[in-house]
Structures are given as structure tokens and as C-alpha cells.
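Chain by chain, the residues:
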Amino acid sequence: MSSRMFVALCLAPLLIVAAAFFVLPLARLVVVGASGPDGAAAYLAILTEPRYRESLVATVILAVATTVATLITATIVGLFVQRHDFPGRSVLVALLTFPLALPGVVVGFMIILLAGRQGLIGEVARALTGQRLVFAYAAGGLFLGYLYFSIPRVILTIMASVEKLDPQVEEAARALGAGAWAVHRDVILPALVPAFIASGAICFATAMGAFGTAFTLATRTDVLPMVIYTEFTLNANFAMAAALSVGLGIVTWAALAVSRSAAGTSVAAAG
Amino acid sequence: MSSRMFVALCLAPLLIVAAAFFVLPLARLVVVGASGPDGAAAYLAILTEPRYRESLVATVILAVATTVATLITATIVGLFVQRHDFPGRSVLVALLTFPLALPGVVVGFMIILLAGRQGLIGEVARALTGQRLVFAYAAGGLFLGYLYFSIPRVILTIMASVEKLDPQVEEAARALGAGAWAVHRDVILPALVPAFIASGAICFATAMGAFGTAFTLATRTDVLPMVIYTEFTLNANFAMAAALSVGLGIVTWAALAVSRSAAGTSVAAAG
Amino acid sequence: MTANGKGVSLRLENCAKTYPGGIQVLSPMTLEIARGETVVLLGPSGCGKTTTLRIIAGLIQPDHGGRVLFDGVDVTSVPIEKRNVGMVFQSYALFPNMTVAGNIGYGLKIRHVPKAERRKRVDAMMQLVGIDTLHDRRVDQLSGGQRQRVALARAVACQPRVLLLDEPLTALDASLRDRLRTDLNQLFRSLGITTIYVTHDQGEAMALGDRIVVMTKGTIAQVGTPDEIYFRPANRFVAEFIGAANILEGPLQSEVMLLPGGQLHIDGGRTGDTAVAMVRPEAIGIVSPDGASWTGRIQTKIFLGDRLRLTVAEAATSAIVVDASNRLVVQVGDRVGLTVPNGSVRLLTS
Amino acid sequence: MTANGKGVSLRLENCAKTYPGGIQVLSPMTLEIARGETVVLLGPSGCGKTTTLRIIAGLIQPDHGGRVLFDGVDVTSVPIEKRNVGMVFQSYALFPNMTVAGNIGYGLKIRHVPKAERRKRVDAMMQLVGIDTLHDRRVDQLSGGQRQRVALARAVACQPRVLLLDEPLTALDASLRDRLRTDLNQLFRSLGITTIYVTHDQGEAMALGDRIVVMTKGTIAQVGTPDEIYFRPANRFVAEFIGAANILEGPLQSEVMLLPGGQLHIDGGRTGDTAVAMVRPEAIGIVSPDGASWTGRIQTKIFLGDRLRLTVAEAATSAIVVDASNRLVVQVGDRVGLTVPNGSVRLLTS
């Protein structure tokens, strides 16, 4: 009892300051969003104004595509790496997770080096077909960049989940006559579903908001964070930028909230 | 045995492609870093050229400050929220973690709304002292922005760790005569050390590389990701940008690697 | 032995516990424990035994009106850190960031005992519980049995006024549990400290307790020595919870109970409608059915090594369990006579 | 009963297991198990019993030269999914994403048994193991005992050729373990299927096994019925691992062993230097010391309910454990006579 009182007395003021620090800017953001010439209608403009709507749609499509591709790749690689012991395994894991340390701008830069105007892929394509292949600056490059960013994180989550699988459950399935394919379909993949939900949501949220990568790559495609940046810095349209920010925040927050309730609270820690 | 063979046969090609996807751009980045007029000396320039060196130092200082401030705040709030049941607790947790959903550019935007030229803090300060207080565009704003970004993530990690603490260990300490202060010092904080290491490292790595926030805020301060962007986009100095990218990657990767080995592999999943 | 004949006498007065929402986990109870006595709180999970222990420790406040007295002094509002009690938990609850010696010496450190003196006391404690080679070992390198020994040493190092143990052996495997139980018994005898021991295992309760407090549903069912509890259970719950018990039901005619398989003599029985009586499996003898006043038929037979566990049908309204000598030769289906020595049958009130 | 008298006879021929690095966890062993027999592999952890079970299951390949035969047919290279064996694990190993019925019917689904037929079989299995009300329950809503019943039903639903159980009761608490042990015994008898049961608990082994294979350090120490193992252990390891055993050492003069507390008659004893003999605690009787040929002094006394466990000093080179009647009246320090009936002492070779 006395220990609790002590803690409460020490911490209450700090808690108030911390809450204010988080709540004030958010509140300000919501207010500014409705402060332009159109008032609260700025929020509607996210859906009615073709430019904003199209960038929202493009962002969501890109985020979903990134999430699906990341989950598939990371599951296959994660399962393989965790289940098989081979020489160089730890080197491979270190390589696969190295991009964790790279900020978005570096990833964007690397994609340009690979698929940009002077990129490796372009040169190989020219040598083979006579035509340069350049996709770094459109949706393709952004997609690659997001993958580069997301896959290492998701691989780690999947590997941790695979490690926690009870091998006896698989042995029980095999004793009942299930071959390798049935064991994967009925036992292993269902057991990984919580990990899929959790890391998929984070992957989606990151792709929705990733900025560093987009900034370097999105010269021919409009994703929402870029539009916000343009409205804000170049057009000085504070209200629209705020409205778009709130909209973007709500979409990603909803994705995280749904995944958290689907997979139980423990997953929140992985955020 | 046969199950393993099956998996290996299916996955080996995919694994090779995935590895190439991760290794090729990295290799290319390292090569480009040494391809400028100075050759491999571009890597040395990170330390010898004052502009690069200063931005590296500024970035590291900022990242360390962010990490320390985040850990202190998040520990106090996390302990309080997890240990005390009060009305509105779940609303507070939702509020505290809402910034998880915001991309860097939105956070930067919010800090400008708060501490920028037309910001709330500036107006309050002018009303009180006659002087506008504007710190959004210098290190102060960046620091605030990074905090906004990091604290929610770290709070969640700390809360998860606090939840896992065995209350009987605290009761044992109290039975031995330890008061609230001694229990926190000798039992609770030591038990949270792994969480501190893990989330501190991620916090540091994020602050080193955060780009969205920096882009909107760093007009009066040079942090490394900004310098990379400038070298790359505006000065078209590919080699230097690549060298700086590799340098930045190594620093953050080292921080993550140290934390992972210090706290055991399980922490990796939190990345 | 550093703490010979120490400890306080203890009195719980009218202690109840009701949780928010009105759930009463403990009905008002009064209990007196003498200085140096070892008392076991025994009962199934949810019976209130751990709540009682936590009230004594000071981790839980009893409802208004309840009092806890140490040597006659009211300590109800004294927090645990000032009560000077030793606690041992099922989960060991060791400090993972300290060595074995650091754990054992923690209470002394909190009390600012000088370092040299502390080391001497820690060494003595480690000797006492038989882990004197583990001084600088990290806690996570220890086995379960070693961990619990460290927890014990830590709890007694400060010469507590009362030693409280909450299911200390439950997390250990069977053979380790047996060994540690024997050592605990010796430790309690040699320390002579007032000890309250909570368990759901009646074997532990029998082996360790000077007295046993059998609890069920937040109330005390019976307080007594192990052999009172075993041979003279106060009611059917105690009879069935402690050891194995055959419950016999049938009409009584003076001192004889009429059963499907014959007649059973019961001391002190009086004619009535239907009586309920208890007899222990090892108290029943197997004899030739010829001339026996009570007979039945062997239904199952399991060899358990030190005894033969038989179930006998047709003797009472339900099958009867008999623990016979492991040398007995009988077959399933055999008709046998059953004998019960005088005084081995106990009438139950409910 | 759906699977009465089913199963195969089983033969392990020269099966050994060496892991990379040269650690041999199992020495070459040959073992024959009859159709319908229940055999328990018993031993301390690391004795190779689980490895043996996994070789039979097909989860582990024996070293080159070892063979596994089902009804005389070599199945050594048949993978587990084609062997049609039923497995039950200590961890239950249920499929968390399926209901109770889904778990039990999984093997039938894999075998493409039509839905209606499958439901009938699943219902019959649930009836058999006593969980017929849990049909659509999720696995994580079940208690430990219910989970293990589901695992059992799942393992026998496909009428396996042999049922393999790896410490199925170890994760359960004591009272549940006793109840499930009784039910398992009935299940094995009624199914009549060839069963291999791995455990480290000798009580389980005694109660369930038609024969027991006692293992230690990767080799078989003894194979026999429960009562052969208990009364005629092949060596000191078996004597001490199964039940409690007093090991006596002393010089033999014809059929008499000379001990510090007197003389003990041993059937079949011959004059030699020093012999080692075993006597069980419950075989020793406590009598008056007057005229007794073997005496000692009571050192400790613990009331265990159904018996009184005494340790007696001065009778042999180390203290002797005696399980006496719970009605016996003795005090610590009393001098007592000890009697052992003919045939209860066994000479050990090592």
C-alpha cells in the first residue's frame, strides 16, 4: 500500500506533463486541419479532391502490396533459416537483417543505385535487350524500397515465432499420417497467424507513412506523405496538410488497432 | 527427414533470390562509395571533412540525448500506467501510443505547429515575456520530434516488461525489510535492464536515421540523413552520399548488434 | 544453529477477507499459534490458505475488525517490511540480478549489517541449508532444489519472528520434493522458529506439521495434530481430503452397521436411521470368506510395489478400496472376507 | 470398444543411437514385445527411454545395423507418417487452431474418411475417454487432464498398430495424475492394443505395465513383471530406483549376515567376504527388543497417515528405513527389535 502511494505521489505530475506533451500537438493538428478557407470541409477534400483521393488510393494499394509481398517472402525465408542448420547460417541472418540499420533515405538511395537511371538493373537490361529498364522513380521503385525496409523486421518476428513452435505438435500430426505439405498447411502456418497479423499491421503502417524512401523515389508517383510535405512546404497550405495528416494517422492507427485486438495485447510490444 | 528435404528443395532458389536482393544493393552502395574522384578516401572524408564530421557528431549527440530522455520518461510513465488501475487508464494508453501511427513528416509538422514561427509555444511565450520562442527548426525541435516518435514505442516495451515482472520477487524484498525506494532500486529497475538495452538501441538507431522528421525540421541543424540527401539530390555527389550512407549504417547496425548480444537473441524480435 | 528457539507466538483474531465486488475469500477466523510451533495450512486451491498466510505476512489487510498479534502486540497495520517475517514462495522469487550470496545477504544489507559480519552470517546460512559451495553462483545456474534452498537461507538469515512458506515444494519434481521435505523437517526442528507452512499436499502436511489446519471454502474445517486429523476427522470433507477414505453408509443397529456384504462393528454406534462411517484402506484386512461377518468380491487389483491396491465390490453400496500386503495372493473375482480392527471405523457427522 | 485386440507384435533388433559428435545415448538393444502387451520403459532422465520410443515411432533412425520390426516386417526406413502409430506427448501437443473434435478427427481427415463416418468415430472416441461434452470446445479452454484425454482419443482414433506414450502424466498435478492413471489402466485393458509407455515414475510403471523395462545410461537394467522387478531386482540400481530399499552390507556366515545390530537370516546365503542384500521398508517388522536377533534404536519418526516412517540407527552400517503400521506406538530413542520374514531379503550381485 505505502509503496503504491509513494509511486503515485512521485509520478502524477510527470504523467500530466507527458500526457500534455502527447495530447497538445495532436489537438493542435486537428484544429489546424479545420482552420483553412474551407473549414472542416478540408477533411472531406481528402476524398473529394481527385489529387488527394488518388494519392490516398495509391498509398493504400502500395501499402497492401508491400505487406503481402513482405509476409510471403519473410515467411518462406524465416521458416527456412530457422529450421535448417547450414554453414554460413549466422552470416546469412546478419546480412538479411542489416537493412534494419539503414534509414529510409539510404534505402531510397540504394534503390536508385540499383534501378535508377545509371542503375545496375538498367545496365544489365540494356546489355540483354538494348533497352534501359528504369523503375526506381515510380511505384515499382517505391515498392522495392518498402520491401527492403520491411522484410528484415518481419523475418525476425517470424523467426522468433518459428522458434517458439512446439516440435511435438508437428510430430503428432506426422504420427497421424500428415505428410510435409499437410503439416505446413494444418499446423505450422496456422500457428504463425498471430505473427502474420502483428507484423503485417506494422508493415502496413510503415508503408503508409514511410517518408525517407518516398522522398528520394517518389518523383513520378504521389504517395500521401509526399503530398502532405508538398502542401506544407511548397504550397504553404497548412490546413490541408493538417487534414491529410489526421486522415493518414487514422488509417494507420486503425490498422494497428485491429491487429492488436485480433492478436491479443502482447503483440503491442512488438510495435 | 523427408519433410526437411521437401522444404529445402522448394525454398533454396527463393532463398538465393532473396539474399541477392539484399546483398546486391548493399554491395553496390559500398562500391559507389569508393567511386568518386577521391576513391576509397571518401570514407575517410566522413571524419576529416569538418562538415561531415560535425553532422556525424551532431547526429550522435542528438540520438544519445533522445535515447536517454526517452528511456527515463517511458520508464516512469510505463511503470505508473502498468502498476496503477485508475479510471481512464485505457484511454491514456491509447493516447500515449497514438503517435505510433504517425509518419515522421506528420510528427515534424506537429512540432512546427507547436514550436514553429506561428506555433502555440511561441504565442504563449510572447504573451508572457513579449518574446517569441521558436525552436522547432533547430536541434530542440528535432529532439522534441524524435521524442514524440520514440516514447510511445518504448512505453509499450517497458509496459510489457513490467507486466512480466514476478510480483513475488518484490514481496520477497519487502519481507526482507526493503522499502519502496529500495524495492525499485534493487529489484524493479535491474529487472528492466534488458528492456532498457533493447529499446534504447532501437531508439538510438531510429534517431540516427529518422528522416521524415528531420526533413521538415532540420533547416537550421545538419543531421547526417539530411546531409546524405543534400549530397545526393542537390550536389549530385553520389560517391560521398554512398560513403556517408555506409558510415551511418555501420554506426546504427553496431548499436543494434551490441544490444542484441547484451540482451540475448530473443530481443531481436522487437526490432 | 544461529536462531535456536526464536520466534513469536501468533494470534489471528476474527480475520476475514472480502474483495471489492463482495467476494468473501475468507470467513472470520481466529487461530492461535504457539512460539516455536510449526503449523501447516492445508486445503484445496481456493480454500483461503494463501490469503491467511498473506494476512500474517502483512501483504494483505484483513477486513475491518480483524487483528493480527505477534507476541500479543497488534501488528495489523504494520507493513510487511517492518514486521520482520521470513517468506518463501513457490516460485522461489530470487533476485536474478544478485549472486547466491547476494540474495541470502540482502536482508542483512538492508539492515546495514557490516560486511564482515554479513559474510559470516551468509556462510552460516549456506551451511545450514547445504549449499555451501554455491557462494558466487548466479541464480539462473541453479537447479530448482538449489533455488529453493537459497530462498530458505535468505528467509531465515535475518532471524525473522515468524517463517512463512507458501507451497515451497510444489514446483519441484517428486523425488526432489521428498528429499527437500526431509531436510525442511530437520531445519524446522533445529531452528525452532514459529513457522506457518501452506500446502495442498497432505503428505507434506503430515510430515511437517506439529499441527494441521485443514481449510475449505474460506473456513477452518479442523485443527489438530496429524494423527488426530487422520484417525479422527471432524467431518466427511476432512476424511476424504486427508489420505484415502472409504465412506460407508447404512442403517445402524446398536453397534453394528448393516451393509450389502454383511455387518460391521462400530464402537459407540447407536441405533438410528442411516449412519455414515469412514474406514481407511490400510485398516481393512483380507481374510477367508468362510465365517467372515463382512464379505465382498475382488474387482480390480493393482500392484503398487509396497502394497497391493484392491477394489472390493458387493461389500458396501459402492466399491471399497483396500491396501493389502504386497505379498497377498488373490485373484480378481475371488470372494474374500473383510475385517476391521476395533476403533478403526469412525462415525462421521455429515 | 472399437479396437479390441488390435495392434502388432514388435521387435527392436540391435537398435543403438549415436549422435553426431560420437555421444552414444543408446547402446545396442534388442527387445521383443507381444501383440496387445503394455510395456513400460522406466528410468531416470537421460537413460535412453525416450530415444527408444522415438526409434519405434520412426522419429529417429537407429544407427546402421539396427532394425525395427512390426509383426515381423522391417519398418526401419518407413517414415512415421506411414507407420500408423498413435503418439501421446507430455506437452499434449494438441492443434491449437482446431476444436476438440477437429483434433480427434484429424487423422481420419488425413485418411479421407467420409464426414459422417468420421463424426461417428470421433463421438465414440470421446465417449471412450470420458470427454463427450467437449465436442466443439477450443483446446485452450480445457484443463490439463482434459487436454491429455483429447490427445489420447486423437492417438487411438485411427486404430494405430502401436500406441506410444511419452510421459503423458508428468505435466499434471498429483491428484489428477492418480485419476488419469486409473483411467489409462482401464483404457489399455479395454483397447487391448500394443502399448509402449515411457515414464520416470515407478508408481505409474507398476500400475500400468504388463512388463517393465528398467533402463539406465542407455542400457536395459532389467526386464520383468512389476512384481519381479520389485521383489527380485537384478542389481543395486534397480533395487534403489524402484520403491524404497534398504541396502545392507556385511559378512555372510552360511545363511546369516552379521550386522552391527545383530544377525539377519538370508535364504540361499553362502559364506563369503562381504555380501550386499536388500530389504524393503514395509517388509521389516518392529517387535520387542527382548530376545530379538536384530535390534536398533529409533532415530526419527514421521507420521505419513497410512503408515509410520521410522529410521532406525545402530542396526546396520547406515540408518535403516522402516514403514510400520500407523497404529504402532514408539518413541524416538526407543530400542526395538527388527524382524524380516523369510524370503524378504534379497542378495544383490553388485
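What counts and what doesn't
- Throughout, a residue's number is its position along its own chain's written sequence, starting from 1.
- Note on labels: chains are lettered from A, ligands numbered from 1, in written order.
- Local features in this predicted model are restricted to residues whose pLDDT is 70 or higher, and side-chain atom pairs enter the listing and the counts only when it is 80 or higher, whereas totals over whole chains, interfaces and linings include all residues.
- Think of the side-chain values as coming from all heavy atoms in the structure, minus any hydrogens and water.
- For this analysis, residues touch if any pair of their heavy atoms sits within 4.5 Å.
- Any Lys or Arg side-chain nitrogen found within 4 Å of a carboxyl oxygen on Asp or Glu counts as a salt bridge.
- Counting of polar contacts relies on pairs of N or O atoms within 3.5 Å, with two restrictions inside protein: one atom must be capable of donating a hydrogen and the other of accepting it, and residues adjacent in sequence are counted only when both atoms are side-chain atoms.
- In this classification, the charged set is Asp, Glu, Lys and Arg, the nonpolar set is Ala, Val, Leu, Ile, Met, Phe, Trp, Tyr, Cys and Pro, and all remaining amino acids, among them Gly, are polar.
- Residues belong to one nonpolar core when they are buried, are Ala, Val, Leu, Ile, Met, Phe, Trp, Tyr or Cys, and are joined through side-chain atoms within 4.5 Å.
- Exposure classes here rest on a 1.4 Å probe applied to the protein chains alone. A residue is buried below 20% of its type maximum, exposed above 50%, and partly exposed in between.
- Secondary structure elements are defined from DSSP: runs of H or I of at least 4 residues count as helices, runs of E of at least 2 residues count as strands, and each element is numbered from the N terminus.
- As used throughout, domain bounds are those supplied by an automatic or database domain assignment.
- We define buried area as the total accessible area lost by two parts upon association, computed with a 1.4 Å probe and summed across both.
- Strand pairing is assigned whenever DSSP identifies at least 2 bridges connecting the two strands.
- Think of each axis as a best-fit line through the C-alpha atoms, taken over the contacting stretch in the case of a helix, with angles from 0 to 180 degrees between the N-to-C directions.

Draft legend 1. Spotlight on the interface of chain D and chain A. Counting residues at the interface gives 18 residues for chain D and 16 residues for chain A. At the junction of chain D and chain A, the tally comes to two salt bridges. Ionic pairing is found between Arg174(A) and Glu81(D), a salt bridge with its closest N-O pair at 3.2 Å. Linking chain D with chain A are seven residue pairs in polar contact (both at pLDDT 80 or more). Here the side of chain D that touches chain A is built from residues that sort into 11 nonpolar, three polar and four charged.

Draft legend 2. Quick look at the nonpolar core. Among the nonpolar cores identified, the biggest contains 101 residues, and Phe70(C), Met87(C), Tyr106(C), Leu164(C) and Ile196(C) are the most heavily contacted of them. The element that contributes the greatest number of residues to this core is helix α7 (residues 139–164) of chain B, accounting for 10 residues. With near-sequence residues (within four places) excluded, Tyr106(C) lies in contact with Ala173(B), Leu176(B), Ala178(B), Ala182(B), Asp186(B), Phe95(C) and Met98(C). In terms of nonpolar packing, the next biggest core, distinct from the first, is built from 100 residues, Leu192(A), Phe21(B), Phe204(B) and Tyr106(D) among them.

Draft legend 3. Molecular detail of the domain arrangement of chain C. Residue and element names in this part refer to chain C. Assigned domains within chain C: domain 1 (10–239) and domain 2 (244–347). The centre of domain 1, based on its C-alpha atoms, is set 39 Å off from the matching centre of domain 2. Of the roughly 690 Å² buried between domain 1 and domain 2 on both sides combined, carbon and sulfur atoms contribute 46%. In terms of surface lost to domain 2, no three residues of domain 1 exceed Tyr230, Arg236 and Ala239, which account for 70% of the buried area on that side.

Draft legend 4. Focus on the pairing of strand β9 (residues 211–216) of chain C. All names here are of chain C. Most of β9 is tucked away, with five of its six residues classed as buried. Across four bridges, strand β3 (residues 38–42) lies against β9 in parallel orientation. Residue pairing in the sheet places Leu41 in a bridge with Val213 of β9. Where β9 lies against strand β10 (residues 219–224), five bridges are found, and the strand directions are antiparallel. Along β10, the bridge assignment pairs Met215 with Ile220. The turn linking β9 back onto β10 is made up of two residues, and Lys217 within it adopts a positive phi angle of 50°.

Draft legend 5. Structural view of the sheet that holds strand β12 (residues 256–259) of chain D. Residues and elements named next belong to chain D. The sheet built from five strands is open, its strands ordered β13-β12-β11-β14-β20 with antiparallel pairing. Looking along the sheet, the strands with just one partner apiece sit at the ends: β13 (262–265) and β20 (345–348). Averaged over all neighbouring strand pairs, the angle between strand axes comes to 45°, with direction disregarded.

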